[in-house]
Amino acid sequence: AQSVTQLDSHVSVSEGTPVLLRCNYSSSYSPSLFWYVQHPNKGLQLLLKYTSAATLVKGINGFEAEFKKSETSFHLTKPSAHMSDAAEYFCVVSVADTGNQFYFGTGTSLTVIP
Amino acid sequence: DGGITQSPKYLFRKEGQNVTLSCEQNLNHDAMYWYRQDPGQGLRLIYYSQIVNDFQKGDIAEGYSVSREKKESFPLTVTSAQKNPTAFYLCASSIVTSTQRFFGPGTRLTVL
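The model shown is predicted, which means the values in this text are computed figures rather than measured ones.

Caption draft 1: The overall build of chain B, seen in detail. The secondary structure content of chain B amounts to zero helices and 11 strands. For 112 residues, the compact-globule estimate of 2.2 N^0.38 gives 13 Å, and chain B sits close to it at 13 Å. Its C-alpha atoms give chain B principal-axis dimensions of roughly 35 × 25 × 25 Å. When the 112 residues of chain B are sorted by exposure, 46% land in the buried category. Sequence-distant contacts, at least 24 apart, represent 52% of the contacts inside chain B between residues at least 6 apart. Carbon and sulfur atoms make up 49% of the accessible area of chain B, which totals about 5,500 Å².

Spelled out as structure tokens, the structure:
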């Protein structure tokens, strides 16, 4: 069975400090993993994706994530938070044996303090 | 500009009325999806379609119906059988099911 656990429902950081949003997944097969960002009352925008190529994935707006198979993790990081990063972040797993359905985590709300 | 449009952005309906949410894409994607989002929860799949004139139920299809008469359009009807319809509804599309989803801006439905 496939599932995604986002370990923190809320994260607060000061502007200019690093961001770490944690995601663990469960998958019977090699997964594809995604991070999406959602600003209030907006749709989801893709930040980055892992699809069995390089384990360190760079995305938009300075975000990156590292796929660690041994830890079944796909944590999202950014060296320096900006006020515009305040949003909801979703980790998603998809595997071919389930018809490539997307399984969403419950989201992490990021607050950036000026 | 290529993308997905959803209309309206906000929708209010009285309890017991059916309501149809619009989703249109000009990305030439074969697959389209409807998700429901509730506070503090991830997105849950309502229906999806991989090709015109064909669609499959997702995890929470009860009380909803869809049609896919055109590649570009995938409207969702929220029927009176849906017990708790107030939510944020997101439409998405992808080239095929194996690729990333592109999301529309969403429709917030409030049933009074």
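Caption draft 2: View of the interface of chain B and chain A. Opposite the 21 residues of chain B that make contact, chain A presents 17 residues. When chain B packs against chain A, close to 1,500 Å² is buried across both sides, 49% of that on carbon and sulfur atoms. For the chain B face of the interface with chain A, the top three residues by lost area are Gln100(B), Arg101(B) and Phe103(B), together amounting to 33%. Applying the counting rule to chain B against chain A returns zero salt bridges. Taken together, chain B and chain A are joined by six residue pairs in polar contact (both at pLDDT 80 or more). Mapped by element, the contributors of at least two residues to the side of chain B that touches chain A are strand S4 (31-37), strand S5 (43-51) and strand S9 (87-94) of chain B. Among the elements that take part in the side of chain B that touches chain A, S5(B) stands out by supplying three residues, more than any other. When the residues that make up the side of chain B that touches chain A are grouped by side-chain class, the tally is nine nonpolar, nine polar and three charged.

Caption draft 3: Representation of unusual backbone geometry. Of note, the amide linkage connecting Ser7(B) to Pro8(B) takes the cis form, showing an omega dihedral of -10 degrees. One non-glycine residue with positive phi stands out, namely Asn41(A), at about 55 degrees. Its place among the elements puts Asn41(A) in the loop between strand S5 (32-38) and strand S6 (44-50). Classification of Asn41(A) as partly exposed rests on a relative accessible area of 30%. The backbone phi angle of Asn53(B) is positive, close to 65 degrees, even though this residue is not glycine. Among the structural elements, Asn53(B) can be located in the loop between S5 and strand S6 (54-57).

Caption draft 4: Representation of the packing of aromatic side chains. Going through the model one piece at a time under the given rule, you end up with 16 aromatic pairs over all chains. For the ring pair Tyr33(B) and Tyr48(B), a centre distance of 6.4 Å and an interplane angle of 20 degrees mean the geometry is stacked. Here the residue Tyr33(B) occupies a position in strand S4, and Tyr48(B) occupies one in strand S5, the gap between them amounting to 15 residues. Residue classification places Tyr48(B) among the buried positions, given a relative accessible area of 14%. Taken together, the aromatic side chains of Phe34(A), Tyr36(A), Phe102(A), Phe104(A), Tyr33(B), Tyr35(B), Tyr48(B) and Phe103(B) make up a single cluster linked through ring pairs. One Lys or Arg, Arg68(B), reaches over the ring of Phe74(B) and ends 6.0 Å from the middle of that ring.

Caption draft 5: Up close: the environment of Gly16(A). Residues and elements named next belong to chain A. For Gly 16, the position within the fold is in the loop between strand S2 (10-14) and strand S3 (19-21). Judged by relative accessible area, which is 43%, Gly 16 ranks as partly exposed. Along the backbone, Gly 16 and Met 83 are 67 residues apart, and their C-alpha atoms lie at a distance of 8.9 Å. The contacts of Gly 16, once residues within four sequence positions are left out, are Pro 79, Ser 80 and Ala 81.

Caption draft 6: The nonpolar core, seen in detail. Core analysis: the largest hydrophobic core is formed by 26 residues, its most contacted members being Trp35(A), Leu48(A), Leu76(A) and Tyr89(A). Of the residues forming this core, the biggest block, four residues, is contributed by strand S10 (residues 87-94) of chain A. Core analysis: the next-biggest nonpolar cluster, separate from the first, contains 19 residues, Cys23(B), Ile46(B), Ala87(B) and Leu109(B) among them.

The rules behind these values
- Starting afresh in each chain, residues are numbered from 1 along the sequence in its written order.
- Written order decides the labels, with chains lettered from A and ligands numbered from 1.
- Confidence filtering applies because this is a predicted model: local features only for residues at pLDDT of at least 70, side-chain atom pairs given and counted only at 80 or more, and all residues used for totals across whole chains, interfaces and linings.
- Note: side-chain values were computed over all heavy atoms of the structure, leaving out hydrogens and water.
- Secondary structure counts use DSSP, requiring at least four H or I residues in a row for a helix and at least two E residues in a row for a strand, with both numbered from the N terminus.
- Our radius of gyration is a C-alpha quantity, and the globule rule it is checked against amounts to 2.2 Å times the number of residues to the power 0.38.
- The buried label goes to any residue with under 20% of its type's maximum accessible area, the exposed label to any with over 50%, and the partly exposed label to all in between, with areas taken from a 1.4 Å probe on protein chains only.
- In what follows, residue pairs with any heavy atoms lying within 4.5 Å of each other are defined as contacts.
- All accessible areas in this document rest on Shrake-Rupley with a 1.4 Å probe, and a residue is counted as covered only by the protein chains that are shown.
- Accessible surface is computed with a 1.4 Å probe, and the buried area is the amount of it that two parts give up when combined, taken over both parts together.
- Salt bridges, as used here, are contacts in which a Lys or Arg side-chain nitrogen is within 4 Å of a carboxyl oxygen on Asp or Glu.
- Distance and chemistry together define a polar contact, namely a pair of N or O atoms within 3.5 Å, with one atom able to donate a hydrogen and the other to accept it when in protein, and with adjacent residues in sequence counting only for side-chain atoms on both sides.
- Gly is placed with the polar residues, together with every amino acid not listed as nonpolar (Ala, Val, Leu, Ile, Met, Phe, Trp, Tyr, Cys and Pro) or charged (Asp, Glu, Lys and Arg).
- Centre distance within 6.5 Å is the pairing criterion for rings of Phe, Tyr and Trp, where only the six-membered ring of Trp is used; planes under 30 degrees apart are then read as stacked, over 60 as edge-to-face, and the remainder as tilted.
- Charge-over-ring placement is defined geometrically: NZ (Lys) or CZ (Arg) within 6 Å of the ring centre, and within 35 degrees of the ring normal.
- Joining through side-chain atoms within 4.5 Å is the link that ties buried Ala, Val, Leu, Ile, Met, Phe, Trp, Tyr and Cys residues into a set, and such a set is a nonpolar core.

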